[in-house]
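# Residue-level structure breakdown
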Amino acid sequence: LGGPAIAVAVAVMLVFVVEMRQFQEPGIGTQRAALSILAVCYAGLHDVVMSIWAGDIDRIRSTNDEMRALANDYDMALWKLYVNIHDAIVGCMADEPGAPDELESSLFEYKAQGCWLWITLYLAEKAKALLRSGDIEAAEATISRSFSEVTATGESWAEPELHRIRGEIFLAQN
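We now turn to the structure provided with this report. (Residues numbered from 1 in each chain as written. Predicted model: local features only at pLDDT ≥ 70, side-chain atom pairs only at ≥ 80, totals over all residues. Heavy atoms only, no water.)

## Things to note about helix α7 (residues 136–153)
Because each turn of an α-helix spans 3.6 residues, side chains separated by three or four positions end up pointing in the same direction. Its 18 residues place the ends of α7 25 Å apart at the C-alpha level, agreeing with the 26 Å of an ideal helix rising 1.5 Å per residue. For α7, the full list of buried residues reads A139, E140, T142, I143, S146, F147, E149, V150 and T153. Buried positions along α7 lie against α5 (99–112), α6 (119–132) and α8 (159–173). G154 occupies a position one or two residues after α7 and carries a positive phi of about 80 degrees. (Helix = DSSP H or I, 4+ residues; strand = E, 2+ residues; numbered from the N terminus. Expected span 1.5 Å × (residues − 1). Buried < 20%, exposed > 50% of the residue type's maximum accessible area, 1.4 Å probe, protein only. Contact = heavy atoms within 4.5 Å.)

## Focus: the nonpolar core
One finds L45, W79, Y82, L107, Y110 and Y122 to be the most contacted residues of the largest nonpolar core, which totals 34 residues. Taken together, the elements giving at least two residues each to this core come down to α2 (30–54), α3 (57–73), α4 (77–93), α5 and α6. When residues of this core are assigned to their parent elements, the largest contribution, 10 residues, is made by α4. Discounting residues that sit within four places of it in the chain, L107 has contacts with I85, I119, Y122 and L123. (Core = buried A, V, L, I, M, F, W, Y, C linked by side-chain atoms within 4.5 Å.)

## Remarks on the environment of W157
Structurally, the position occupied by W157 is in the loop between α7 and α8. Under the relative-accessibility criterion, W157 is labelled partly exposed at 38%. Residues W157 and W118, spaced 39 residues apart in sequence, show a C-alpha to C-alpha distance of 10.0 Å. Once residues within four sequence positions are removed from consideration, W157 is found in contact with W53, W118, T120 and L121.

## A word on the packing of aromatic side chains
Inspection of the entire model under this criterion finds 7 aromatic pairs. The interplanar angle of 40 degrees and the centroid separation of 5.1 Å between the aromatic rings of W79 and Y82 together place this pair among those described as tilted. Within this pair, W79 and its partner Y82 are both found in helix α4, separated by 3 residues, close to a single helical turn. Ring-pair connections join several aromatic residues into one group, and the members of that group are Y42, W79, Y82, Y110 and Y122. (Phe/Tyr/Trp six-rings, centres within 6.5 Å; stacked < 30°, edge-to-face > 60°.)

Rendered as structure tokens:
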């Protein structure tokens, strides 16, 4: 990670520190505590996303474990979905058998709740795992689906990475 990514990480962590400091003060009230917990989860989510881009499986696992504990302690359904997705992403990155199917199942549940944030990144990781496993046809179908998600959601920030992965798929076909 470098440049702007580090600046974003620092900004997210500053929000995290400020929110956690307030959370530790006595008598802050239930609403403030809930906002603080959400700040921690959002910081964790962004940390996981940056760790996916950096390929840092250990960091994803560590942060995801913290998010899982909060999601379970406070019964946060959306964050439980993110944790499941990130577990499957780790499986894809580690080339674990069945991980792409696990990711697909988690994404189906995620989208059924009306969620779409980061979907193109998640599908890109699935396509890379399928490509590494030699399932070129499924990798191409997944990356094509990811491009469709860009159109549907406007998550165009992921397009350069999707084009890079599509290029790797084309190279593998020849």
